[in-house]
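Understanding the architecture of this molecule
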Amino acid sequence: MEPDRQPLLDGELVTIRPLQEGDWDALFAVASDPLIWELHPANDRWQEPVFRKFFADALACGGGLAIRDKATGAVIGSSRYDCWVPDEDEIEIGWTFIARSHWGGTYNREIKRLMLDHIHRFVNRVVFIVGQDNLRSRGAMEKIGGQLIPGRTHRGGGKSFPDHVVYEICRA
């Protein structure tokens, strides 16, 4: 069964819903902060032309999601389900970013918990592709139980990700 990559997920802090073209202004307002991307391999993503491609790719992949703060209703970030590999019973959660005002772990943990609980109904393994030097994201992965897969490279979707490491979380 094909996984539902466009769910509506409701938590205590956030609501996650399918990304829409109308989310551009609110999402770019968040993404235009260069400090969000400073440790990311694509550290120029705060620039409008670069982010336009990122946003278009998120819409086109069929798994782009907008993240809203329940308390304010504001869009605070985005994530994706991407690169489903049926033969491996695997999908990627990634491309996630949230406003710095929501950093510190609480929001990210809820976002990932909601996304993992949902997608593990469809697949056994979820992978996360993280820049090898992005210590902030690597630490966040370890906090939510991600296991580093030594020597694993990304193989989904025909994309190449040099200088990245792969974490996984399997269905319990």
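Use the structure listed above.
Notes on the structure in this doc start here. (Residues numbered from 1 in each chain as written. Predicted model: local features only at pLDDT ≥ 70, side-chain atom pairs only at ≥ 80, totals over all residues. Heavy atoms only, no water.)

Topologically, Lys-112 is positioned in helix α4 (residues 106-119). When sequence neighbours within four positions are dropped, the list of residues in contact with Lys-112 reads Ile-93, Thr-96, Phe-128 and Ile-144. (Helix = DSSP H or I, 4+ residues; strand = E, 2+ residues; numbered from the N terminus. Contact = heavy atoms within 4.5 Å.)

Attention shifts here to α4. With 14 residues, α4 should cover 20 Å at 1.5 Å per step; its first-to-last C-alpha distance of 20 Å lies within 8% of that length. When we look at burial in α4, the residues that qualify are Tyr-107, Asn-108, Glu-110, Ile-111, Lys-112, Leu-114, Met-115, Leu-116, His-118 and Ile-119. (Expected span 1.5 Å × (residues − 1). Buried < 20%, exposed > 50% of the residue type's maximum accessible area, 1.4 Å probe, protein only.)

Time to look at the packing of aromatic side chains. Counting across every chain of the model gives 11 aromatic pairs. With centroids separated by 5.1 Å and ring planes inclined at 5°, the aromatic side chains of Trp-24 and Phe-28 adopt a geometry described as stacked. Here the residue Trp-24 and the residue Phe-28 both occupy positions in helix α1 (residues 24-31), the gap between them amounting to 4 residues, near one helical turn. On the accessibility criterion, Trp-24 (11% relative accessible area) is buried. With centroids separated by 5.4 Å and ring planes inclined at 75°, the aromatic side chains of Trp-24 and Phe-55 adopt a geometry described as edge-to-face. One end of the pair, Trp-24, is in helix α1; the other, Phe-55, is in helix α3 (residues 48-60), and 31 residues separate them in sequence. With respect to burial, Trp-24 and Phe-55 carry one shared label: buried. An aromatic cluster of three or more residues is present, and its members are Trp-24, Phe-28, Trp-37, Phe-51, Phe-54, Phe-55, Trp-95 and Phe-97. The residue whose ring lies beneath Arg-80 is Phe-54, and the NZ or CZ to ring-centre distance is 4.7 Å. Of note, Arg-80 hangs over the ring of Trp-95, and the distance from its end group to the ring centre comes to 4.3 Å. (Phe/Tyr/Trp six-rings, centres within 6.5 Å; stacked < 30°, edge-to-face > 60°. Lys NZ or Arg CZ within 6 Å of the ring centre and 35° of its normal.)

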